[in-house]
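Observations on the model geometry
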Amino acid sequence: VQLVESGGGLVQPGGSLRLSCAASGFTFSRYVMSWYRQAPGKERELVAAITSAGGSTNYADSVKGRFTISRDNAKNTVYLQMGSLKPEDTAVYYCNAYTDWLHDYWGQGTQVTVSS
(Lines give C-alpha, C1' and ligand atoms only; values in the text may rest on other atoms or scores of the structure.)
Protein backbone atom coordinates (compact mmCIF):
# COMPACT_ATOMS: atom_id res chain seq x y z
CA VAL A 1 0.00 0.00 0.00
CA GLN A 2 1.29 3.43 -0.92
CA LEU A 3 -0.08 6.94 -0.67
CA VAL A 4 2.23 9.54 -2.16
CA GLU A 5 1.40 13.20 -1.69
CA SER A 6 2.77 15.95 -3.89
CA GLY A 7 2.16 19.59 -4.68
CA GLY A 8 3.15 21.21 -1.43
CA GLY A 9 5.44 24.20 -1.21
CA LEU A 10 5.79 27.84 -0.26
CA VAL A 11 3.02 30.21 -1.30
CA GLN A 12 2.11 33.78 -0.45
CA PRO A 13 -1.03 34.61 1.50
CA GLY A 14 -3.99 34.69 -0.85
CA GLY A 15 -2.35 32.23 -3.21
CA SER A 16 -3.38 28.77 -4.34
CA LEU A 17 -1.94 25.26 -4.38
CA ARG A 18 -3.21 21.90 -5.54
CA LEU A 19 -2.17 18.83 -3.61
CA SER A 20 -2.31 15.38 -5.15
CA CYS A 21 -2.23 11.96 -3.53
CA ALA A 22 -1.48 8.97 -5.75
CA ALA A 23 -2.62 5.65 -4.32
CA SER A 24 -1.52 2.12 -5.09
CA GLY A 25 -1.71 -1.34 -3.59
CA PHE A 26 -5.39 -1.33 -2.68
CA THR A 27 -8.79 -0.88 -4.31
CA PHE A 28 -8.89 2.89 -4.28
CA SER A 29 -12.51 3.20 -5.38
CA ARG A 30 -13.72 1.44 -2.23
CA TYR A 31 -12.11 3.86 0.20
CA VAL A 32 -13.14 7.13 1.74
CA MET A 33 -10.29 9.52 1.06
CA SER A 34 -9.37 12.40 3.31
CA TRP A 35 -6.84 15.14 3.77
CA TYR A 36 -5.57 15.93 7.25
CA ARG A 37 -3.06 18.50 8.38
CA GLN A 38 -0.80 18.99 11.35
CA ALA A 39 0.77 22.29 12.29
CA PRO A 40 3.76 22.50 14.64
CA GLY A 41 2.66 21.97 18.23
CA LYS A 42 -0.90 21.09 17.23
CA GLU A 43 -2.86 17.89 16.82
CA ARG A 44 -3.59 16.44 13.42
CA GLU A 45 -6.95 17.66 12.15
CA LEU A 46 -9.32 16.64 9.39
CA VAL A 47 -9.35 19.13 6.53
CA ALA A 48 -11.63 17.46 3.98
CA ALA A 49 -13.06 14.08 3.09
CA ILE A 50 -14.76 12.52 0.07
CA THR A 51 -16.79 9.35 -0.19
CA SER A 52 -15.67 6.40 -2.29
CA ALA A 53 -17.67 7.37 -5.38
CA GLY A 54 -17.14 11.06 -4.84
CA GLY A 55 -20.79 11.83 -4.23
CA SER A 56 -20.34 13.50 -0.87
CA THR A 57 -17.71 15.75 0.65
CA ASN A 58 -17.06 17.20 4.08
CA TYR A 59 -14.88 20.11 5.14
CA ALA A 60 -13.51 21.63 8.29
CA ASP A 61 -15.18 24.94 9.03
CA SER A 62 -11.83 26.70 8.72
CA VAL A 63 -11.46 25.76 5.03
CA LYS A 64 -15.05 25.81 3.77
CA GLY A 65 -15.38 27.91 0.66
CA ARG A 66 -11.60 27.97 0.13
CA PHE A 67 -10.63 24.30 -0.36
CA THR A 68 -12.10 21.67 -2.64
CA ILE A 69 -11.49 17.94 -2.42
CA SER A 70 -11.98 15.75 -5.47
CA ARG A 71 -10.97 12.33 -6.70
CA ASP A 72 -10.37 10.48 -9.93
CA ASN A 73 -10.99 6.78 -9.38
CA ALA A 74 -9.64 5.97 -12.84
CA LYS A 75 -6.30 7.49 -11.84
CA ASN A 76 -6.35 6.35 -8.19
CA THR A 77 -5.74 9.92 -7.14
CA VAL A 78 -7.31 12.36 -4.73
CA TYR A 79 -6.78 16.11 -4.91
CA LEU A 80 -7.06 19.09 -2.62
CA GLN A 81 -7.43 22.42 -4.37
CA MET A 82 -6.53 25.13 -1.88
CA GLY A 83 -7.31 28.80 -2.48
CA SER A 84 -7.21 32.07 -0.56
CA LEU A 85 -4.47 30.55 1.54
CA LYS A 86 -3.73 32.01 4.94
CA PRO A 87 -0.65 31.74 7.18
CA GLU A 88 -2.70 29.56 9.53
CA ASP A 89 -3.02 26.98 6.74
CA THR A 90 0.70 26.26 7.16
CA ALA A 91 1.07 22.60 8.08
CA VAL A 92 2.10 19.19 6.89
CA TYR A 93 -0.78 17.82 4.84
CA TYR A 94 -1.46 14.09 4.93
CA CYS A 95 -3.54 11.88 2.68
CA ASN A 96 -5.63 9.14 4.31
CA ALA A 97 -7.49 6.16 2.91
CA TYR A 98 -10.07 4.46 5.13
CA THR A 99 -12.69 1.75 5.05
CA ASP A 100 -12.46 0.33 8.57
CA TRP A 101 -9.98 0.15 11.41
CA LEU A 102 -8.06 -2.62 9.68
CA HIS A 103 -7.76 -0.66 6.45
CA ASP A 104 -6.59 2.78 7.45
CA TYR A 105 -3.61 4.06 5.45
CA TRP A 106 -1.54 7.24 5.58
CA GLY A 107 0.85 9.02 3.28
CA GLN A 108 4.14 10.54 4.34
CA GLY A 109 2.87 14.11 4.17
CA THR A 110 3.70 17.20 2.17
CA GLN A 111 4.65 20.58 3.65
CA VAL A 112 2.55 23.63 2.85
CA THR A 113 3.92 26.97 4.00
CA VAL A 114 1.94 30.17 3.57
CA SER A 115 4.15 33.17 4.10
CA SER A 116 5.10 36.46 2.54
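Refer to the structure presented above.
In the case of a regular strand, side chains alternate between the two sheet surfaces. Residues T110, V112 and V114 of strand β11 (residues 110-114) are buried on one face, while the alternating residues Q111 and T113, pointing to the opposite face, are not. Bridge count between strand β2 (residues 9-11) and β11: 3 bridges; the pairing is parallel. When the bridges of β11 are listed, L10 appears paired with T113. Bridge count for strand β9 (residues 91-100) against β11 is 3 bridges, and the pairing is antiparallel. Paired with V92 across the strands is Q111, a residue of β11.

The next point concerns the packing of aromatic side chains. Across all of its chains, the model carries 5 aromatic pairs by this definition. Look at F26 and Y105: their rings are 5.4 Å apart centre to centre, the planes differ by 50°, and that puts the pair in the tilted class. Placement of F26 in the loop between β3 (17-24) and β4 (32-38) and of Y105 in strand β10 (residues 103-106) is noted, with a sequence separation of 79 residues between them. Residue F26 is classed as buried on the basis of its relative accessible area, which comes to 13%.

Turning our attention to the nonpolar core. Within the largest apolar cluster, 31 residues are counted, with the highest numbers of intra-cluster contacts made by L3, M33, W35, V78, L80, M82 and Y93. Looking at this core, the elements that each hand over two or more residues are β3, β4, β5 (45-50), β7 (67-72), β8 (77-82), β9 and β11. Discounting residues that sit within four places of it in the chain, M82 has contacts with G15, S16, L17, L19, R66, F67, Y93 and V112.

Pairing geometry for β9 and β10, over 4 bridges, is antiparallel. Note on β10: the bridge partner recorded for D100 is H103. Counting the residues in the hairpin turn of β9 and β10 gives 2 residues.

Another point: the state of the cysteines. All told, the structure shown has 1 disulfide when counted by the stated rule. The side chain of C21 participates in a disulfide bridge whose partner is C95; the two sulfur atoms lie 2.1 Å from each other. Residues C21 and C95 are joined by a disulfide whose S-S torsion is about -85°; by sign, that bridge is left-handed. On the criterion of sequence distance, the pair formed by C21 in strand β3 and C95 in strand β9 is long-range, its members being 74 residues apart. Relative accessible area serves as the criterion here: at 0%, C21 is assigned to the buried category. The class of C95 is buried, set by a relative accessible area of 0%.

A few words on the sheet that holds β7. Strand order in this open sheet of 4 strands is β1-β3-β8-β7, and the pairing throughout is antiparallel. Of all strands in the sheet, those bounded by a partner on one side alone are β1 (2-6) and β7. Neighbour to neighbour, the strand axes of the sheet diverge by 15° on average, direction disregarded. Note that β1 and β3 share 5 bridges and pair antiparallel. By the bridge assignment, V4 is partnered in β3 with A22.

Cut-off values and rules
Along every chain, residues carry numbers that run from 1 in the direction the sequence is written. Side-chain atom pairs in this predicted model are given and counted only at pLDDT of 80 or more, local residue features only at pLDDT of at least 70, and totals for whole chains, interfaces and linings cover all residues. With hydrogens and water set aside, each side-chain value is computed from the structure's full complement of heavy atoms. Buried means the residue's accessible area, taken with a 1.4 Å probe over protein chains only, is under 20% of the maximum for its type, while exposed means over 50%, and partly exposed covers the values in between. Segments assigned H or I by DSSP are reported as helices when at least four residues long, segments assigned E as strands when at least two residues long, and all are numbered from the N terminus. When DSSP finds at least two bridges between two strands, those strands are taken to pair. The rule is short: rings of Phe, Tyr and Trp, with Trp giving its six-membered ring, pair when the centres are within 6.5 Å, and they are stacked under 30 degrees, edge-to-face over 60, tilted in between. Here, nonpolar core refers to any group of buried Ala, Val, Leu, Ile, Met, Phe, Trp, Tyr and Cys residues whose side-chain atoms link them within 4.5 Å. Throughout, a residue-residue contact means that at least one pair of heavy atoms, one from each residue, lies within 4.5 Å. Cysteine sulfur atoms are paired as a disulfide whenever they come within 2.5 Å of each other. Interaxial angles span 0 to 180 degrees and are taken between N-to-C directions of axes, which are lines fitted to C-alpha atoms, for helices over the stretch in contact.

Read these as spatial facts, not as claims about activity.
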